[in-house]
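# Breakdown of the fold
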Amino acid sequence: LALACIVGGVTSAHGAKFFESGASIFLCIFLHNGLGYLLGYATGLLARMNKPKRRTLSIEVGMQNAAQAIAIATSPFIFNSGEMAIPAIIYALLMNVLLLLYIVKLKYSK
């Protein structure tokens, strides 16, 4: 609930900035998340893990803590910048969509 309030507040205060640099933010988010999945899976392969463990590692590396990034960016004791929280907010929303797409891919690629 607190995270939803922070996201709503930052989005309403800095909503126009989403459109100014939206393409580069989305590209970075997709690269960050996609590379996280790939590197997690590759690490599992190098460690000779079985397929379920490789998939779990892939998801764990691909999903990062966006809530922590938002809290740090908006904290009055650290950065106190809603503008710095914009990429983390977008990432918080998109990482869940990308995770669902990844899970659907895994389900139907058996």
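Residues numbered from 1 in each chain as written. Predicted model: local features only at pLDDT ≥ 70, side-chain atom pairs only at ≥ 80, totals over all residues. Heavy atoms only, no water.

## Considerations on helix H3 (residues 51-62)
The terminal C-alpha atoms of H3, which comprises 12 residues, lie 16 Å apart, in line with the 16 Å expected from a rise of 1.5 Å per residue. Within H3, the full set of buried residues consists of Arg-54, Arg-55, Ser-58 and Gly-62. The buried side chains of H3 occupy one side of the element, clustering within an arc of 100° when seen end-on. In this structure, H3 carries Pro-52, Lys-53, Thr-56 and Glu-60 as exposed residues pointing more than 90 degrees from its buried face. Between the side-chain oxygen at the start of H3 and the backbone nitrogen of Lys-53 there is a gap of 3.0 Å, and the oxygen is on Asn-50. (Helix = DSSP H or I, 4+ residues; strand = E, 2+ residues; numbered from the N terminus. Expected span 1.5 Å × (residues − 1). Buried < 20%, exposed > 50% of the residue type's maximum accessible area, 1.4 Å probe, protein only. Arc of directions from axis to C-beta. Polar contact = N/O pair within 3.5 Å; in protein donor to acceptor, adjacent residues only side chain to side chain.)

## A short note on the packing of helix H4 (residues 66-74) against helix H5 (residues 82-108)
One way to put it is that H4 packs onto H5 with a least axis distance of 8 Å and a crossing angle of 165°. Considered as vectors, H4 and H5 are oriented roughly antiparallel to each other. Relative to H5, H4 is oriented so that their crossing is left-handed. Between H4, through Ala-66, Ala-69, Ile-70, Ala-73 and Thr-74, and H5, the contact on the second element is made entirely by Gly-82, Met-84, Ala-85, Ala-88, Ile-89, Tyr-91, Ala-92 and Met-95. When grouped by side-chain class, the residues that make up the contact of H4 with H5 number 11 nonpolar, two polar and no charged. (Axes fitted to C-alpha atoms, helices over the stretch in contact; angles between N-to-C directions. Parallel < 35°, antiparallel > 145°, perpendicular 65-115°, else oblique. Left-handed = near helix turned anticlockwise from the far one by under 90°. Contact = heavy atoms within 4.5 Å. Nonpolar A, V, L, I, M, F, W, Y, C, P; charged D, E, K, R; others polar.)

## Some words on unusual backbone geometry
At Arg-48, a residue that is not glycine, the phi angle is positive and equals roughly 60°. Here Arg-48 shows up in the loop between helix H2 (22-46) and H3.

## A few points about the nonpolar core
Ranked by size, the top nonpolar core spans 20 residues in total, and within it Ile-29 and Ile-90 carry the most contacts. Breaking this core down by element, the ones donating at least two residues are H2, H4 and H5. (Core = buried A, V, L, I, M, F, W, Y, C linked by side-chain atoms within 4.5 Å.)

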